[in-house]
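Structural overview
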Amino acid sequence: MTTRPAPARRRRLVVVGSGVAGLMGAIRAADPARGEGADVVLLTKARLADSNSMLAQGGFAAVLPEGQCVPGDSVASHAADTVAAGAGHGNRRAIEAMCAAAAGAVEGLVSRGVGFDRDVDGRLALGLEAAHSFPRILHAGGDASGAGISLALIAALRRLEAEGRVQVLEGAAVTEILLEAGEAVGVAYTLAGGAAAPHASGRISADAVLLATGGAGQLYAQTTNPAVATGDGVALAYRAGAVLRDLEFYQFHPTALQTRDADGRLRSQLVSEAVRGEGAVIRDAAGRRFVGDYHPLGELAPRDAVSRALALHARAGGGQTFLDATGLEERHGRGFLARRFPGLDAMTRAAGFDWRREPLPIGPAAHYWMGGVATDLDGATSVPGLYAAGETACTGVHGANRLASNSLLEGAVFAARAVEHALSRVGGAWQGPSPAGEHAVLSPEAEDPGTPRDLLAGAAGRARLAAAMEADAGVLRDREGLDRLRAALGSWASDEPETANLLTLGRLLAAAAAARGESLGSHFRLDAPPRRADGLGAAASIDVVRAPAIAGRTS
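Keep in mind that this is a model prediction, so the values were computed, not measured.

**Overview of the overall build of the protein chain**
Within the protein chain, the secondary structure is distributed over 15 helices and 25 strands. Put simply, the protein chain shows about 21,900 Å² of open surface, and 52% of that area lies on carbon and sulfur atoms.

As C-alpha cells, this is what we get:
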C-alpha cells in the first residue's frame, strides 16, 4: 500500500491594519495565483474602511511606460524628485526600488478593480503636484484617490474572504506582538463585542506578522488624520524590541482648511496639494503672495518648506494665511473646481465657503510621519518574523520629508515585497535592520515608580497631550520647547491603550528631535543650523531602540 505524504501546512500571515498597505499585503498573500496561497488573517481595530488611506485626496505617483507618460519624464526623474523632497536624507536603494516598481503597481491595482481617472482619449490622466518635475500623479474620482483605491481593494479582499482565503476581524485591537526566543510568532488582541462579550480577547499564532496600522496624527491638535491614527503599530513594534528610525521627521501639510467648531475649537481639513498644482496660490492677511520669499519654488515647493514658510510668516506678524483658488475657473473654465475636486467642493461649501469667489483660511496640520519602524527593502524589521509597511514603516524612501503622492505608492510596493519575503522565508539568519554605532542612552521611557503621575484620561487628557505636542514639536522647534515638552510628557501616564501608545510615541519623537542638533527637512529648529548644502558634516539617522537608547545610524 502506498502512503501519501501529508500535505504541507500553509504558512500563516497576520496583517494588522486595513489601509492600502494592509489590504495589499493580505490580498497578495491570499492571491490564488500563488497556488494554495497563505492562511491570512487581517485584523483592524475599527472598520476596514477606517484608515488614513481612505482620506487621501492626492493620488498615486508613477512614471508609466513610454507612450503613456509625459515626454521627458523617467523613473530616474521621479527618484531624483523623491531624494530632493526628502532633503537628501532618503535611502537611495529603497527610493529607486519603489520608483521602478510604480508602473507595475498601477497595473496591479487596475487589475484589482481600481478605476483611475482617464482623459478624453481614454488614457490614464496625469496631474502635477508640488515638488514633482513632471505631471505623473494618477487620481481616482478627482480628489478621492484614496477612497477609490481602498474601496476597490476592500471589494477584492471581501471576495477572497467569501472564498475562505482570508479571515477578517474588524473591531480587533492588537495589544501585543507575541514573541518566542526573540521571534514574532503571532499577536494578542481584544475584540469589541456586544453586551455579552464587551471585551473578548484572543491570540493568533503566525509564521509572520505584518504591521500596517498607519500613522499617528492624533499626536497633534491639528491633523488631517482620522481618529484611528494613534500610532499603534509603531508602539507595538517598539514594545517588541524593534528598531525605530527617523521619528523626529513629522510632515505638516501646509493647506488644511481651518474652521471653528461650535465650542470654538479649531478644526483642520485637508485641501489637496493638487489644488496648487492646478494654479491656486497662497496669500497672507494683506493679500500678498509670500511663500516665494522663503523658497524659490513658491507654492510648489516641498511640503515642509511651504509649511515652514506659513509658520515663519505668521511668527513675523503675517496673520492668517489663505489659499486662493478664485482664478482657476477663469483659467480652466466654468465649473472646473466642482469637476476636478468634487469632494473638496462639497467640503468647502459645507464649511460655508464658496471657493470659486473667496479664498480659504488655511494652516499647517500634522499629516504624515516619515519615521517609524525601521525596515529593509523587504519590509523586514529588526525582530525576526515581524514586518512593517506603509506609514507604520520607515523604509527610508521619504527621507526627512515625503514627496506628494508617494505614500500610497510606497504602501503598495513594500507591502507586496514584505509578503513575498515572509512567505518564501525558510529559515537561516535574519537580515533585518539593526542599530549601529555607539548608543547614547537618553532614557526617553525611563520611569521612576515612586514619581507621582498625572493621569491622562478621556478626550480632555488626549487634548492636553496633543496641545503640548503641537506647541513644542510642531513645524517650528527649539531646545527650550523640546525640554519643556519632554518634562511634561515624562510627568504623564495613561491607562487607556490608544492614549498610552500616543504618550509613548510622543516621548520617543521628542527625544529624537532633541538629539538632532540641526535643521533638516520637516525637523526645523529655530536654534540650530540647517544641514550643509554640500552634505558634509550631516548627522546620521537616529535610531530608537527599547534599551531605551538612541543610536546614530547611516542610512
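**Details of the nonpolar core**
Grouped together as the largest cluster of nonpolar side chains are 64 residues, with contacts concentrated most on Phe60, Phe116, Ile149 and Leu157. Looking at this core, the element that brings in the most residues is helix H12 (residues 407-424), giving ten residues. The next biggest cluster of nonpolar side chains, apart from the first, holds 58 residues, and it includes Leu169, Tyr238, Trp369 and Ala510.

**Some points on unusual backbone geometry**
For Ala87, which is not glycine, the phi dihedral falls at a positive 60°. Tracing the backbone shows Ala87 in the loop between helix H3 (75-85) and helix H4 (92-111). Even without glycine at this site, Asp246 takes up a positive phi of about 60°. Along the polypeptide, Asp246 turns up in the loop between strand E10 (244-245) and strand E11 (250-260).

**Structural notes on the environment of Gly215**
As for its position among the elements, Gly215 is in the loop between strand E9 (208-211) and helix H6 (232-239). The class of Gly215 is buried, set by a relative accessible area of 3%. Setting aside its immediate chain neighbours within four residues, Gly215 contacts Asn52, Ala229, Thr230, Gly231 and Glu391.

**Looking at the pairing of E11**
For E11, the buried fraction is high: ten of the eleven residues fall into the buried class. Inspection of the sheet shows E11 paired to strand E15 (residues 360-369) by six bridges, in the antiparallel sense. In the sheet register, Leu257 faces E15, and the bridge partner there is Ile362. The turn joining E11 and strand E12 (residues 266-270), which pair antiparallel and follow one another in sequence, is formed by five residues; a positive phi near 90° is taken by Gly264.

**Section: the environment of Asp478**
Note on placement: Asp478 falls in the loop between strand E21 (476-477) and helix H14 (479-490). Assessed through its relative accessible area of 26%, Asp478 is described here as partly exposed. Sequence separation of Asp478 and Asp527 is 49 residues, and the distance between their C-alpha atoms is 5.5 Å. For Asp478, the contacting residues outside a window of four places in its chain are Arg525, Leu526 and Asp527. At 2.7 Å, the side chain of Asp478 forms a polar contact with the backbone nitrogen of Gly481.

**Section: the sheet that holds strand E2 (residues 39-44)**
The five strands lie next to each other as E5-E2-E1-E9-E17, forming an open sheet whose pairing is parallel. The sheet is open, and its two edges are formed by strand E5 (166-170) and strand E17 (386-388), each paired on a single side. Strand-to-strand twist of the sheet, defined as the mean angle between neighbouring strand axes without regard to direction, takes the value 20°.

**Overview of the packing of H4 against H12**
What describes two packed helices is the angle between their axes and the distance between those same axes. One way to put it is that H4 packs onto H12 with a least axis distance of 9 Å and a crossing angle of 95°. Considered as vectors, H4 and H12 are oriented roughly perpendicular to each other. Touching Ala94, Ala97, Met98, Ala101, Ala102 and Ala105 of H4 are Leu409, Glu410, Val413, Phe414 and Arg417, all from H12. Of the residues that constitute the contact of H4 with H12, the class distribution is nine nonpolar, no polar and two charged.

**Quick notes on the side chain of Ser18**
The residue Ser18 is located in the loop between strand E1 (12-16) and helix H1 (20-30) in this model. A distance of 2.9 Å separates the side chain of Ser18 from the backbone oxygen of Leu48, its partner in a polar contact. For Ser18, the contacting residues outside a window of four places in its chain are Leu23, Leu42, Thr44, Arg47, Leu48, Asp50, Ser51 and Ala212.

**Notes on the packing of aromatic side chains**
Applying the stated criterion to the full structure yields eight aromatic pairs. Between the aromatic rings of Phe60 and Phe116, the centroid separation amounts to 6.3 Å while the plane-to-plane angle is 55°, which identifies the pairing as tilted. Of this pair, Phe60 sits in strand E3 (residues 60-61) while Phe116 sits in the loop between H4 and strand E4 (137-138); the two residues are 56 residues apart in sequence, bridging distant segments of the chain. The burial state of Phe60 is the same as that of Phe116; both residues are buried. Aromatic pair Tyr220 and Phe252: ring centres 5.0 Å apart, planes at 80°, arrangement edge-to-face. With Tyr220 in the loop between E9 and H6 and Phe252 in strand E11, this residue pair connects regions lying 32 residues apart in the sequence. The pair Tyr220 / Phe252 is uniform in exposure class, with both members buried. Three or more aromatic residues joined by ring pairs form one cluster here, namely Tyr220, Tyr250, Phe252 and Trp369. Above the plane of the ring of Tyr368 lies Arg402, whose end atom (NZ or CZ) is 4.3 Å from the centre.

**Examining the side chain of Asn225**
Along the chain, Asn225 falls in the loop between E9 and H6. Residue class for Asn225 comes out buried when judged on its relative accessible area of 8%. Among the polar contacts made by the side chain of Asn225, one reaches the main-chain carbonyl oxygen of His367 at a distance of 3.1 Å. Here Asn225 is in contact with Asn52, Ala216, Gly217, Gln218, Tyr250, Ala366 and His367, once residues within four sequence places are set aside.

Reading the values: the criteria
- Residues numbered from 1 in each chain as written.
- Predicted model: local features only at pLDDT ≥ 70, side-chain atom pairs only at ≥ 80, totals over all residues.
- Heavy atoms only, no water.
- Helix = DSSP H or I, 4+ residues; strand = E, 2+ residues; numbered from the N terminus.
- Areas by Shrake-Rupley, 256 points an atom, 1.4 Å probe, with all protein chains shown as cover.
- Core = buried A, V, L, I, M, F, W, Y, C linked by side-chain atoms within 4.5 Å.
- Buried < 20%, exposed > 50% of the residue type's maximum accessible area, 1.4 Å probe, protein only.
- Contact = heavy atoms within 4.5 Å.
- Pairing = 2+ DSSP bridges.
- Polar contact = N/O pair within 3.5 Å; in protein donor to acceptor, adjacent residues only side chain to side chain.
- Axes fitted to C-alpha atoms, helices over the stretch in contact; angles between N-to-C directions.
- Parallel < 35°, antiparallel > 145°, perpendicular 65-115°, else oblique.
- Nonpolar A, V, L, I, M, F, W, Y, C, P; charged D, E, K, R; others polar.
- Phe/Tyr/Trp six-rings, centres within 6.5 Å; stacked < 30°, edge-to-face > 60°.
- Lys NZ or Arg CZ within 6 Å of the ring centre and 35° of its normal.

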